[in-house]
Amino acid sequence: MATAPPQPPGCPHAGPARRTVAKAAALAAAGVTTGLAPAAWAAPAPAGAVVTGTPAAPPAGAAAADPLPLRTDRHSQGDILAGFRKDHACLLFLHFRDAAKARQWLTRLLPSISTTEEVARFNKAFSQARRRAGGIDPESMSRLWTGLSLTHPGLRLFAGKEPFPAAPPGSSAEAFTQGCAARAQQLGDTGTSAPQSWLFGAEEPARAVHAVLSLAADDPERLAAAVAEHRDGAGGAGATVLFRQDGATLPGDLRGHEHFGFADCISQPGVRGFDEPDPATGNTVLGKPGTRLIPAGEFVVGHERVGQRPAALPAWATGGAFQVVRRLAQDVPGWWTQVALRLAELQRAGSAPADAGREWLGARLMGRWPGGMPVALCPAAERLPEPGQDPDAELDYGADPNGWKMPLFAHIRKGNPRGGLVLTPGRPPLGQAELDGRRLMRRGIPYGPVYDPELGSGHGPEASRGLLFVCHQADLVGQFELVARKWLNEPDFPPGRTPRTGADPVLGPDSPCAFETPSQSGGRADTLYFGRYVRTEGSVYAFSPSLPVLRALTAGELDDSIEFHAGSVLRPDDVLDAGKVRLTLESSGELALLDGEGRRTWHTATGGAGHDAVFTQDGELVLRTAEGRPAWSSGTTGHPQARLLLRPGGELAIVEGDRVLWKASAS
């Protein structure tokens with residue numbers, strides 16, 4: 001077994017400040033609003049490099065030559081990448097009182113949890129049958145999908161220990177540990193959206209949500225039977241259903257729309273290794289020219305990430321994803337009344353056509369016409385997309401930096417600035433690739449009856465209705481929280497404009513917005529005030545573990561080692577934090593282990609030749625020079641199934657199954 005050279009005697013070293021990789025990512029995320037250089041997400045290794053980082057290995061059992069290996073993944077849960085995509089859904093928020101009974105419940109549940117492979121296979125067959133039937137859903141094809149996510153209290157209950165060895169400030173570990181209610185202020189959940197009024201997610205610790213059981217089906221009767229069965233099963237394990245949230249696709253002409261009447265979930269990211277690339281571009285999805293392919297590690301922990309950034313998460317997170325669940329109540333008549341009032345103001349100012357209806361302005365607030373076409377592509381009037389057409393195929397905001405076609409505050413533009421984000425007025429916009437690490441995989445569904453008082457009781461303003469918002473991502477802070485805090489809720493995003501852009505008028509807080517239009521002098525801005533008509537009524541941070549991790553939890557086991565995944569690159573001053581031990585690439589160029597006080601317990605002793613460090617697909621830890629050549633290596637090449645783990649006990653180890661190939665530690 002290869003071992004590391006001992007630390008030279010008489011060489012004390014305090015090490016860098018406790019700046020973790022996760023914290024570095026959070027700082028880079030905050031920098032999006034003040035300037036983000038392309039170098040913030042590193043480029044591949046220099047030309048001529050002997051050892052290069054490569055994307056994460058496909059799941060066990062997948063053929064290495066498979067161009068879409070993630071479609072055969074039987075470890076990760078199916079809603080993350082494939083999407084359940086059913087007309088009917090139900091979420092059960094569960095609290096367990098006894099860990100042993102909870103593990104027994106999980107053991108019985110495991111065989112029913114849906115994997116990426118089976119969901120992707122069904123969705124493909126369903127889509128093909130639908131095309132053959134001229135766009136009509138094949139009634140003979142029906143499935144029930146099941147997903148499970150665990151909150152921080154839930155993981156702690158099932159594992160019998162704290163799931164994170166460290167929760168550094170600014171990290172996803174910290175956000176997940178604190179939970180949504182504790183972070184409500186910074187997420188904009190204040191006033192009528194404050195946790196005190198939530199239906200779930202703000203319970204006392206003795207009644208905290210432990211698990212979110214997600215059920216989805218084509219057939220409502222089959223779903224109802226499954227819900228009843230699972231309620232009985234949970235009750236038999238001594239669990240309490242804290243809340244039940246039903247959802248369903250809206251009927252008739254509103255199918256595929258949310259309650260305000262706009263087509264929803266159109267702009268979803270493509271995923272490398274899952275979605276088929278267009279051979280003409282290589283970086284967009286075949287048949288969807290406007291959809292970029294994003295590295296899979298932005299949604300499933302353990303795969304390649306933008307810039308090859310380490311995940312900085314425990315080994316139990318590999319193959320899973322953070323899940324955000326939010327119940328967003330929509331005041332439909334209130335929102336549309338507000339739209340009509342603001343339209344009248346614009347018409348009096350001469351900034352809107354005199355014959356424009358309220359849909360004209362509503363589309364500009366949303367960014368799309370009700371049928372789904374972006375306002376930027378047809379600003380004068382709605383144009384319905386052709387059957388099979390990608391509405392976003394030509395969508396790019398680079399030619400509209402002032403928001404004259406689609407306002408800068410439009411919901412879809414704030415949430416995904418594409419190629420039109422100008423960080424400094426007068427400077428060129430960022431390219432779309434620089435925002436790839438901020439995308440979310442959304443899986444929302446409406447709840448409640450449509451708003452139509454003519455249908456009678458239950459369809460008026462008194463009824464409860466809204467959107468069950470669900471999204472998956474690998475980084476809570478750098479993805480969901482950044483988009484919510486720094487983009488949607490921030491009046492000064494895009495930054496540096498006078499007057500300020502304003503918050504998202506669909507999901508954001510009360511805010512004045514600058515409605516900009518061209519004029520003879522170059523441009524003018526009318527200030528419109530928008531109140532809040534979407535209210536948060538519940539919010540939970542959970543995690544959807546892989547099936548192997550769930551299986552380990554049935555025995556109360558959870559590997560809290562920090563995993564440095566294959567293909568990830570450690571750069572100077574980055575730190576992987578396992579609490580009592582940290583791995584860092586020091587600014588001096590040495591790869592080193594530090595104890596809790598920042599003292600070296602081991603280092604590579606290369607004379608400062610290191611530029612970055614990579615764990616290769618072949619199982620070797622390599623410290624590289626600025627030219628990309630090895631300055632030091634673990635000597636473990638030839639082990640493509642190997643894993644690199646930073647264990648909280650103080651050991652850095654490369655393991656293959658139960659076999660230790662290499663290790664370094666204080667001893």
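Structure first, text after, so check above.
Residues numbered from 1 in each chain as written. Predicted model: local features only at pLDDT ≥ 70, side-chain atom pairs only at ≥ 80, totals over all residues. Heavy atoms only, no water.

## Digging into the overall build of the protein chain
The condition that has to hold: The helix and strand labels rest on DSSP assignments: H or I over at least four residues marks a helix, E over at least two residues marks a strand, and numbering proceeds from the N terminus. The buried label goes to any residue with under 20% of its type's maximum accessible area, the exposed label to any with over 50%, and the partly exposed label to all in between, with areas taken from a 1.4 Å probe on protein chains only. When checking whether two residues touch, look at their non-hydrogen atoms; a contact exists if any pair is within 4.5 Å. Using the Shrake-Rupley algorithm and a 1.4 Å probe, accessible areas are obtained, with residue cover drawn only from the displayed protein chains.
In terms of helices and strands, the protein chain carries 13 helices and 27 strands. Across the 667 residues of the protein chain, 57% fall into the buried class. A sequence separation of at least 24 residues applies to 66% of the contacts in the protein chain between residues at least 6 apart. Surface accessibility of the protein chain: about 26,600 Å² in total, with carbon and sulfur atoms responsible for 52%.

## Examining the pairing of strand S19 (residues 581–585)
On any regular strand, side chains alternate: one points to one face of the sheet, the next to the other face. The criterion, for reference: At least two DSSP bridges between two strands are required for those strands to pair.
Burial within S19 is extensive, with five of its five residues counted as buried. Residues of S19 alternate between two faces, with Val581, Leu583 and Leu585 on one and Arg582 and Thr584 on the opposite face, all of them buried. Sheet topology places strand S18 (residues 575–577) next to S19; three bridges connect them, and they run antiparallel. Across the sheet, aspartate 577 pairs through a bridge with arginine 582, a residue of S19. Here S19 pairs with strand S20 (residues 591–595) via five bridges, running antiparallel. Bridge assignment links leucine 585 to a residue of S20, and that residue is leucine 591.

## Focus: unusual backbone geometry
Most peptide bonds are trans, and most residues other than glycine sit at a negative phi. Of note, the bond from phenylalanine 493 into proline 494 is cis; its omega dihedral lies within 30 degrees of zero at -5°. Of note, the amide linkage connecting threonine 498 to proline 499 takes the cis form, showing an omega dihedral of -5°. Relative to the elements of secondary structure, proline 499 occurs in the loop between helix H12 (476–488) and strand S13 (511–517). If you check the backbone angles, glutamine 308 has positive phi at about 60° while not being a glycine. Secondary-structure assignment places glutamine 308 in the loop between strand S8 (288–294) and strand S9 (321–330). At aspartate 573, a residue that is not glycine, the phi angle is positive and equals roughly 75°. As for its placement among the helices and strands, aspartate 573 is situated in the loop between strand S17 (569–570) and S18. A relative accessible area of 27% places aspartate 573 in the partly exposed class.

## Overview of the environment of leucine 583
Tracing the backbone shows leucine 583 in strand S19. For leucine 583, a relative accessible area of 2% corresponds to the buried category. It is 9.8 Å that separates the C-alpha atoms of leucine 583 and aspartate 573, two residues lying 10 residues apart in sequence. With near-sequence residues (within four places) excluded, leucine 583 lies in contact with Leu570, Asp574, Val575, Leu576, Leu591, Ala592, Leu593, Leu646 and Leu652.

## Considering the pattern of salt bridges
Rules: One speaks of a salt bridge when a side-chain nitrogen belonging to Lys or Arg is within 4 Å of a carboxyl oxygen belonging to Asp or Glu.
For the structure on display, the rule yields 30 salt bridges. Among the salt bridges present, the one from aspartate 137 reaches arginine 255, with a minimum N-O distance of 2.8 Å. Taken as a pair, aspartate 137 in the loop between helix H4 (116–132) and strand S3 (144–150) and arginine 255 in the loop between strand S5 (240–248) and strand S6 (270–271) lie far apart in primary sequence, 118 residues in all. We classify aspartate 137 as partly exposed; its relative accessible area is 25%. Notably, a salt bridge pairs aspartate 246 with arginine 244, separated by 3.1 Å at the nearest N-O pair. Given the relative accessible area of 35%, aspartate 246 is considered partly exposed. Among the ionic contacts, a cluster of salt bridges with common partners joins Asp87, Arg130, Asp137 and Arg255.

## Focus: the nonpolar core
Note the following rule: Here, nonpolar core refers to any group of buried Ala, Val, Leu, Ile, Met, Phe, Trp, Tyr and Cys residues whose side-chain atoms link them within 4.5 Å.
In terms of nonpolar packing, the biggest core is built from 81 residues, with Phe96, Trp105, Leu148 and Leu553 touching the most fellow members. Considering each element in turn, this core owes the most residues, six residues, to helix H9 (residues 332–349). Beyond its immediate sequence surroundings of up to four residues, tryptophan 105 is in contact with Leu94, Phe96, Leu148, Phe158, Gly233, Ala234 and Ala237. If you look at the next biggest cluster of nonpolar residues, it comprises 33 residues, including Leu70, Phe122, Val325 and Val470.

## What about the packing of aromatic side chains?
Selection criterion: Side-chain rings of Phe, Tyr and Trp (the six-membered ring for Trp) are treated as a pair once their centres are within 6.5 Å; stacked means planes under 30 degrees apart, edge-to-face means over 60, and tilted covers the remaining angles.
Within this structure, the stated rule accounts for 26 aromatic pairs. Measuring from ring centre to ring centre gives 5.8 Å for phenylalanine 122 and phenylalanine 126, while their planes differ by 35°; the resulting arrangement is tilted. Note that phenylalanine 122 and phenylalanine 126 are positioned in helix H4 at a spacing of four residues, about one turn of the helix. The pair formed by phenylalanine 122 and phenylalanine 126 is uniform in burial state, with each residue classed as buried.

## Topic: the sheet that holds strand S21 (residues 600–603)
Our working rule: Here the axes come from fitting lines to C-alpha atoms, over the contacting stretch only for helices, and the angles between their N-to-C directions go from 0 to 180 degrees.
As summarised here, the arrangement of the four strands in space is S18-S19-S20-S21, forming an open sheet in which the pairing is antiparallel. Pairing within the sheet leaves two strands with one partner each, and these edge strands are S18 and S21. If you compare each strand with its neighbour and ignore which way they point, the axes differ by 20° on average.

## Brief notes about H4
Residues lying three or four places apart along an α-helix face the same way, a consequence of the helix completing one turn every 3.6 residues. Going by this rule: An expected span of 1.5 Å times one less than the residue number is assigned to each helix.
In a regular helix each residue adds 1.5 Å, so 17 residues correspond to 24 Å; H4 covers 24 Å between its end C-alpha atoms and thus fits that length. Residues of H4 that are buried: Thr116, Glu117, Glu118, Val119, Ala120, Phe122, Asn123, Phe126 and Ala129.

## Describing helix H8 (residues 220–236)
So the rule is basically this: Directions drawn from the helix axis to the C-beta atoms are what define this arc. Nitrogen and oxygen atoms within 3.5 Å of one another constitute a polar contact, given that in protein one can donate a hydrogen and the other can accept it, and given that sequence-neighbouring residues count only through two side-chain atoms.
Between the first and last C-alpha of H8 there are 24 Å, a value that for 17 residues agrees with the 24 Å anticipated at 1.5 Å per step. Restricting attention to buried positions, one finds in H8 the residues Leu223, Ala226, Val227, His230 and Ala234. Along H8, the residues classed as buried sweep out an arc of 105° about the axis, all on the same side. Of the exposed residues in H8, the ones pointing more than 90 degrees away from its buried face are Glu221, Glu229, Asp232 and Gly236. Of the surrounding secondary structure, the elements contacted by the buried residues of H8 are strand S2 (88–95), helix H3 (99–109), S3, strand S4 (211–217) and S5. Where H8 begins, the capping side chain belongs to aspartate 219, and its oxygen is found 2.9 Å from the backbone nitrogen of glutamate 221. Glycine 238 sits one or two residues past H8 and shows a positive phi near 80°.

## Considering the sheet that holds S8
Read across the open sheet, the three strands follow the order S6-S8-S7; overall the sheet is mixed. Of all strands in the sheet, those with a lone pairing partner are S6 and strand S7 (284–285), marking the two edges. Direction of pairing for S7 relative to S8: antiparallel, over a ladder of two bridges. Across the sheet, threonine 284 pairs through a bridge with arginine 292, a residue of S8.

## Notes on the packing of H3 against helix H5 (residues 152–159)
Here is the rule: Any angle that is under 35 degrees is reported as roughly parallel, and any over 145 degrees as roughly antiparallel; angles of 65 to 115 degrees are reported as roughly perpendicular and all others as oblique. Under the scheme applied, nonpolar residues are Ala, Val, Leu, Ile, Met, Phe, Trp, Tyr, Cys and Pro; charged residues are Asp, Glu, Lys and Arg; polar residues are all the others, including Gly.
H5 packs onto H3 with a crossing angle of 95° between their chain directions and a minimal axis gap of 8 Å. In terms of orientation, H3 and H5 fall into the roughly perpendicular class. Between H3, through Ala99, Ala102, Arg103, Trp105 and Leu106, and H5, the contact on the second element is made entirely by Leu157, Phe158 and Ala159. Here the contact of H3 with H5 is composed, by residue class, of seven nonpolar, no polar and one charged.

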